[in-house]
Number of protein chains: 6
Amino acid sequence: MPQAEGSALITMGSTIVACTASVEERVPPFLKGTGSGWVTAEYGMLPRSTKVRRPRPETTGKPDGRAQEIQRLVGRSLRAVTRLTELGERTLIVDCDVIQADGGTRTAAVTGGFVALACALDKLARPAGAGAIPLTDFVAAVSVGLHGSGLTLDMNFVADATAGVDLNLVMTGSGTIVEVQATAEGRPFTQAQLSAMLALGASGIRQLIAFQREALGPLTEAVGR
Amino acid sequence: MPQAEGSALITMGSTIVACTASVEERVPPFLKGTGSGWVTAEYGMLPRSTKVRRPRPETTGKPDGRAQEIQRLVGRSLRAVTRLTELGERTLIVDCDVIQADGGTRTAAVTGGFVALACALDKLARPAGAGAIPLTDFVAAVSVGLHGSGLTLDMNFVADATAGVDLNLVMTGSGTIVEVQATAEGRPFTQAQLSAMLALGASGIRQLIAFQREALGPLTEAVGR
Amino acid sequence: MPQAEGSALITMGSTIVACTASVEERVPPFLKGTGSGWVTAEYGMLPRSTKVRRPRPETTGKPDGRAQEIQRLVGRSLRAVTRLTELGERTLIVDCDVIQADGGTRTAAVTGGFVALACALDKLARPAGAGAIPLTDFVAAVSVGLHGSGLTLDMNFVADATAGVDLNLVMTGSGTIVEVQATAEGRPFTQAQLSAMLALGASGIRQLIAFQREALGPLTEAVGR
Amino acid sequence: MPQAEGSALITMGSTIVACTASVEERVPPFLKGTGSGWVTAEYGMLPRSTKVRRPRPETTGKPDGRAQEIQRLVGRSLRAVTRLTELGERTLIVDCDVIQADGGTRTAAVTGGFVALACALDKLARPAGAGAIPLTDFVAAVSVGLHGSGLTLDMNFVADATAGVDLNLVMTGSGTIVEVQATAEGRPFTQAQLSAMLALGASGIRQLIAFQREALGPLTEAVGR
Amino acid sequence: MPQAEGSALITMGSTIVACTASVEERVPPFLKGTGSGWVTAEYGMLPRSTKVRRPRPETTGKPDGRAQEIQRLVGRSLRAVTRLTELGERTLIVDCDVIQADGGTRTAAVTGGFVALACALDKLARPAGAGAIPLTDFVAAVSVGLHGSGLTLDMNFVADATAGVDLNLVMTGSGTIVEVQATAEGRPFTQAQLSAMLALGASGIRQLIAFQREALGPLTEAVGR
Amino acid sequence: MPQAEGSALITMGSTIVACTASVEERVPPFLKGTGSGWVTAEYGMLPRSTKVRRPRPETTGKPDGRAQEIQRLVGRSLRAVTRLTELGERTLIVDCDVIQADGGTRTAAVTGGFVALACALDKLARPAGAGAIPLTDFVAAVSVGLHGSGLTLDMNFVADATAGVDLNLVMTGSGTIVEVQATAEGRPFTQAQLSAMLALGASGIRQLIAFQREALGPLTEAVGR
């Protein structure tokens, strides 16, 4: 999407999410006068990205709690690796729009959104193509499901709907955790099961960050410096 | 978009519109008990389909008059060639979502929406792949601009913004008019100018319908019987 | 309505529309600092202007697409004959409220709205009653219907509901076209039929502009200079 | 307004309110299955009924507390004289739309709304023009203002804005009180002042009910039997 | 509620209302530049303050007319005893939230809201604990019901639902009236009945103001000077 | 709050949350005809529960993402220990309204909401005071913060605002996890730090469940059978 400052199209199984990063010359009220910037995210789904058509949010007349929750997660994840004080008083809006949904759209939004953000920050902070991109590290997200005693990495819709526990892990390139959310859909789980899910998730994150490096190509070197 | 009953991705210059057709087992109140069906359309834009990011409609808190106008046009155009009485009490919703915008999104929505609708009606009305698709004809739409004394077919954003007159023409495969809207942005125009714009538009429609026939392939024969 | 800067009550058959023009000392964002003004319109219906009562728009919780479409049409039509650069940074709001509806409310709104606008511009631009009103020409609107092979000028509700083609024509005093919208409700129509409808519409416009001249009385001479 | 079941146009000074009564074949949930009906009112103002234009309520995005308050008052006043159990499970909606506002619109809405209601009940309950209209009495409303030590009946906008106390009185033809609201805008008032205001208000009510009798003509005899 | 500038918890029978007063450094547009301040009120109910759960107002999608009416009454009552010109350009917002509802919440809101307001004005206007609180008098409110020929002071829910006439009286410490609203729920009432209700209400007000004096303790002396 | 089927007032430090459970005879569409019930939660804050007054949600005109997120968490947590199939087609709505906020309102809402839910289920499922309450276990929630290398259990507002990592833990009486959410506000964290936070959280949960047992008294025995 050449009209955006940064963009990425991420495909994971049958899930497709279009991510764009836009720069706006304003900040939320609590940052005015601080010289610091902000990163925020918005999340949407095309009406027919799902098997059954979803009404457009503006026609339902009520807030979409799930979308609110996802865009807050994506925003927090991206801010965790961004040097906000180096942005100037600007907001980067990362839009994640689901073209096709088959599970894992929120984790795909984090992983793809990072690439779009890096591209936009490259243009913003390195107009001459030199110097650092104001990102401290890579960040990606993955889901892990517990089915009986088995684990599944990056669940599709069917796996997600039948998992007993659903874990979302947001992790950096250096293996530290930005966010972990684990929810029992049926029976509660033990700490041992949590550890196993985290370990599998970490291996998935390493693969995703390898793909991010590939997608960013020469920009990779300018991240995390 | 394999999850939808019908779909089409239309590209005109830099404009890209994703069209899907969905079948819902309900009709508007005024059709209940008549045995007849309905075709309606909805129109949206990804926030960064435009050069400057547009806020999502659910965040603005006010109706988007332009989108309302476009989706009413698309719905009327498609209904004009559909044999509604052969649908049963069903609604076909044609979603037209702009991935990238560079002028002419409403006409692209009609032209692409027709292909998505034909695919969905094929599945609905011809489960065995035989018989007619309940469409009386092809329908496509094109824009024509008047610049000084010159005419432009299918204007991009820059041409649209500078045109003195903007005409949208919706026409069938047999050359009859479904809808014509011509608006003077600056100086009013004469009937002779209107006729010239209509003639150029008709030639554009013929080309677009040739592309529709190509996209529909073997389904083409089942339309308009 | 003596409290408004300009006003007109237009009756066409059983249709009655009250039009007022108000001056506000503000312009839309894109005009700020340009010195130029704006003309916009709003359209409403009394709940019992129709045979069956319509809920008030603020109680429905959803945008009224039809009203949006009409007020955009009225605004465009009036701007087409207004010398916006001579208004200063002011907005003229033309409110068109339907007291009784029996077809043709949108065309009545254009025709009556013009008179209200002219009165308001007279007060604004000619405080001493001398000089020009910043309008380049008169403008009025009329509807034409195609019933089988017959044509009807200025359709009432019954004629409108049964017309095969519905044309709305906005035209100036010098006979040039500001806007034409023709929509097939049933069968598409030919260019010959379009021409016949335009010719009949033009004759209706001439009559309407004669009534506008009568209503404006001595102000007539200050328009279009 | 011949399309409504009942209607009245009331003029008090420069205030003009159009009242219509509509019959709908439904009742609020708490009356379902009781066989009894309901009377409700809605209140609106044309945007330019006031000296300074008011935005339409659907464009402000927030509830209009004043309109809510007025329509609740009008509804209560009319229900107080209606034999709801004789209506069947129907709702009579009395719409009061202010065409021009110069003080006293809420009291004019009650007084004019009564006439519209009586006309609609006449058609509903006396299809053959015989028998009683299910109204126990006439009802009208008037405002009284206290200015220093002087009293004003039926205040216009200027009087209302400068009154120290504003009393609204709703009273029946037999002189009993349906509702009294007295509000100190500045200094609180005494019971003696309240009594004086009530006495003046009662004399005004008697005049208004005489006008209602005149407006209803032969229907007058069928009220309150 | 120690975080608020002023607060009071009022219990009347089973009705409990939490009142807080907050100071904001802004005024409504019509007061800008006048040096004068404003007092406003907001009213809410916990979802399960009532016998049957009430949906939260933000989930209903429509304005709550009753709440609007009550908060306007509370605001007017408090302003009637406040020397607004001594506040500076500040707004005092008095929030009245019903914890438990058993009739009389609006009158409890006035009575408790006054105490919260007095505490906040004490902090605002008497930082050194000396001088006057900018209140001209005490104010409290009470309801009186007419049941057949008997009167009830401070009705609970059952009494309120069966009363033939419902009177709300807002009165000052010196016995003058700020607001009186009397509504016939069934049969209209006479002036003699109104007088009897006012007398009983006045005796209730005296008791309530005695409780307010007790609650305010040493602040009592600084009111009305 | 004796009008609710179940209620609990929970105080943790300066945080106070009123929790009520209401029974409604309806279920979400996806449960209709299954015989199974549902548990859902809603979350609100009194305007002056916070140091700076918060506008009421119905006046802001936009969805409150934070409240949405919290009420989804509370609902999931309570459903995880409820035998939904034993409720019949009923919904239990647990309202959590913050009276005073000083950190940890979401975890207090889970812990207090459980007690309110247990009381309501007792009345619903054990009308004779015998048999089991359809809850498989107790559930409570606690927050843990990481400050530099130190850990804080149940953070107040100041601790929360300065924590580097914020963990919310929802755990059952048998020590299994229902939900864990850990978010780095500044630097990402390691798995060892996550384990330490979980261990401290588990000890807090044990204390909270001891308080819940005390609050439920004799009902305790009927839970988890």
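Higher on the page you've got the structure.
Residues numbered from 1 in each chain as written. Chains lettered and ligands numbered in written order. Predicted model: local features only at pLDDT ≥ 70, side-chain atom pairs only at ≥ 80, totals over all residues. Heavy atoms only, no water.

### Description of the overall build of chain A
In terms of regular secondary structure, chain A is built from five helices and eight strands. In chain A, the succession of α and β elements from N to C terminus is β-β-β-α-α-β-α-β-β-α-β-β-α. In terms of C-alpha radius of gyration, chain A reaches 18 Å, essentially the compact-globule figure of 17 Å for 225 residues. When its C-alpha atoms are laid out on the principal axes, chain A stretches across 55 × 45 × 30 Å. The buried share of chain A, taken over its 225 residues, is 57%. Taking as baseline every contact in chain A between residues at least 6 positions apart, the subset at least 24 positions apart corresponds to 72%. When the accessible surface of chain A is split by element, carbon and sulfur atoms take 55% of a total near 8800 Å². The averaged location of the 21 negative side-chain charges in chain A is 2 Å from the averaged location of its 21 positive side-chain charges. (Helix = DSSP H or I, 4+ residues; strand = E, 2+ residues; numbered from the N terminus. Rg over C-alpha atoms; globule rule 2.2 N^0.38 Å. Buried < 20%, exposed > 50% of the residue type's maximum accessible area, 1.4 Å probe, protein only. Contact = heavy atoms within 4.5 Å. Areas by Shrake-Rupley, 256 points an atom, 1.4 Å probe, with all protein chains shown as cover. Lys, Arg positive; Asp, Glu negative; His and termini not counted. Charge placed at Lys NZ, Arg CZ, Asp CG, Glu CD.)

### Describing the pairing of strand 2 (residues 15-24) of chain D
All names here are of chain D. Of all ten residues that make up strand 2, eight are buried, and the element is covered over most of its length. In terms of strand pairing, strand 1 (residues 6-12) meets strand 2 through seven bridges, oriented antiparallel. Each bridged residue has a counterpart across the sheet, and for alanine 8 the counterpart in strand 2 is cysteine 19. What sits between the antiparallel neighbours strand 1 and strand 2 is a turn of two residues, in which glycine 13 has the positive phi angle 60°. Note that strand 2 and strand 4 (residues 91-100) share nine bridges and pair antiparallel. Bridge pairing in strand 4 places isoleucine 16 opposite glutamine 100. (Pairing = 2+ DSSP bridges.)

### Focus on the sheet that holds strand 7 (residues 165-172) of chain C
Here eight strands make up an open sheet; going across it, the order is 6(B)-5(B)-7(B)-8(B)-8(C)-7(C)-5(C)-6(C) and the pairing antiparallel. Both edges of this open sheet fall to strand 6 (150-153) of chain B together with strand 6 (150-153) of chain C, since each of them pairs with a single strand only. Within this sheet the neighbouring strands show an average axis-to-axis angle of 15°, counted without direction. Pairing between strand 5 (residues 139-147) of chain C and strand 7 of chain C: eight bridges, direction antiparallel. (Axes fitted to C-alpha atoms, helices over the stretch in contact; angles between N-to-C directions.)

### Let's talk about the packing of helix 2 (residues 65-79) of chain F against helix 3 (residues 105-125) of chain F
Residue and element names in this part refer to chain F. The N-to-C vectors of helix 2 and helix 3 enclose an angle of 40°; their axes lie 10 Å apart at closest approach. Here helix 2 lies oblique to helix 3, going by the angle between them. In the crossing of helix 2 with helix 3, the sense of the turn from one axis to the other is right-handed. Contact with helix 2, carried on its side by Arg66, Glu69, Ile70, Leu73, Val74, Ser77 and Leu78, involves Thr105, Arg106, Ala109, Val110, Gly113, Phe114 and Leu117 of helix 3 and no other residues of that element. Among the residues forming the contact of helix 2 with helix 3, the class breakdown is eight nonpolar, three polar and three charged. (Parallel < 35°, antiparallel > 145°, perpendicular 65-115°, else oblique. Left-handed = near helix turned anticlockwise from the far one by under 90°. Nonpolar A, V, L, I, M, F, W, Y, C, P; charged D, E, K, R; others polar.)

### Notes on the relation of the copies chain F and chain A
Each copy superposes on the other: chain F lies on chain A with an RMSD of 0.0 Å after a rotation of 180° and an axial shift of 0.0 Å. These values place the two chain copies in the arrangement generated by a two-fold rotation axis. The position closest to the rotation axis in chain F is occupied by the C-alpha of glutamine 181 of chain F, lying 2.2 Å away. When you check the interface residues of chain F against chain A, 100% turn up at the interface there too, and the contact is symmetric in its surfaces. (Least-squares fit on C-alpha atoms with pLDDT ≥ 70 in both.)

### Thoughts on helix 3 (residues 105-125) of chain D
Compared with an ideal rise of 1.5 Å per residue, which puts 21 residues at 30 Å, helix 3 of chain D spans 29 Å between its outermost C-alpha atoms and is within 8% of the ideal. Counting buried positions along helix 3 of chain D gives 17 out of 21 residues, so the element sits mostly inside the fold. (Expected span 1.5 Å × (residues − 1).)

### Some remarks on the relation of the copies chain C and chain B
Between chain C and chain B, which share one sequence, the superposing operator has a rotation angle of 180° and an axial displacement of 0.0 Å; the RMSD is 0.0 Å. Here 100% of the contact residues of chain C are again contact residues in chain B; the copies associate through an equivalent surface.

### Some points on the interface of chain C and chain B
Where interface size is given, it is often the accessible area lost as the parts come together that is meant. In this assembly, 26 residues from chain C lie in contact with 26 residues from chain B. Inspection of the chain C/chain B interface yields two salt bridges. Residues glutamate 69 of chain C and arginine 72 of chain B are paired through a salt bridge, measuring 2.7 Å at the closest nitrogen-oxygen approach. Taken together, the connections running from chain C to chain B amount to ten residue pairs in polar contact (both at pLDDT 80 or more). Among the elements of the structure, helix 2 (65-79), strand 7, strand 8 (177-184) and helix 5 (191-216) of chain C are those that each provide at least two residues to the side of chain C that touches chain B. Per-element tally for the side of chain C that touches chain B: the top contributor is strand 8 of chain C, with eight residues. Counted by class, the side of chain C that touches chain B contains twelve nonpolar, nine polar and five charged residues. One ladder, built from five bridges, connects strand 8 (residues 177-184) of chain B with strand 8 of chain C; its direction is antiparallel. (Salt bridge = Lys/Arg side-chain N within 4 Å of Asp/Glu carboxyl O. Polar contact = N/O pair within 3.5 Å; in protein donor to acceptor, adjacent residues only side chain to side chain.)

### Concerning the sheet that holds strand 8 (residues 177-184) of chain F
A sheet is described by the order of its strands in space; here eight strands give the open sequence 6(A)-5(A)-7(A)-8(A)-8(F)-7(F)-5(F)-6(F), paired in antiparallel fashion. In the strand order of this sheet, the two ends are held by strand 6 (150-153) of chain A together with strand 6 (150-153) of chain F, each with one partner. Direction aside, neighbouring strands of the sheet carry axes that sit 15° apart on average. The sheet contact formed by strand 7 (residues 165-172) of chain A and strand 8 (residues 177-184) of chain A spans seven bridges and is antiparallel. By the bridge assignment, valine 165 of chain A is partnered in strand 8 of chain A with alanine 184 of chain A. Of the strands in this sheet, strand 5 (139-147), strand 7 and strand 8 of chain A together with strand 8 of chain F touch helix 2 (residues 65-79) of chain A, which is tilted by about 150° from strand 8 of chain A.

### Structural notes on helix 2 (residues 65-79) of chain E
Residues and elements named next belong to chain E. With 15 residues, helix 2 ought to run about 21 Å at 1.5 Å a step, and its terminal C-alpha atoms sit 21 Å apart, in line with that. Among the residues of helix 2, Gly65, Ala67, Gln68, Glu69, Ile70, Gln71, Leu73, Val74, Gly75, Arg76, Ser77 and Leu78 are the ones counted as buried. Between the side-chain oxygen at the start of helix 2 and the backbone nitrogen of arginine 66 there is a gap of 3.2 Å, and the oxygen is on aspartate 64.

### A few points about the environment of leucine 219 of chain A
Residues and elements named next belong to chain A. Here leucine 219 is to be found in the segment after helix 5 (191-216). Overall, the relative accessible area of 15% leaves leucine 219 in the buried class. As for leucine 219 and alanine 118, which are separated by 101 residues in sequence, their C-alpha atoms are 8.1 Å apart. Here leucine 219 is in contact with Cys119, Asp122, Arg126 and Ile133, once residues within four sequence places are set aside.

### Some details on the pairing of strand 3 (residues 38-45) of chain C
Residues and elements named next belong to chain C. Burial runs high along strand 3: seven of the eight residues are buried. Where strand 3 and strand 4 (residues 91-100) come together, eight bridges link them in parallel fashion. Bridge pairing links methionine 45 to valine 98 in strand 4.

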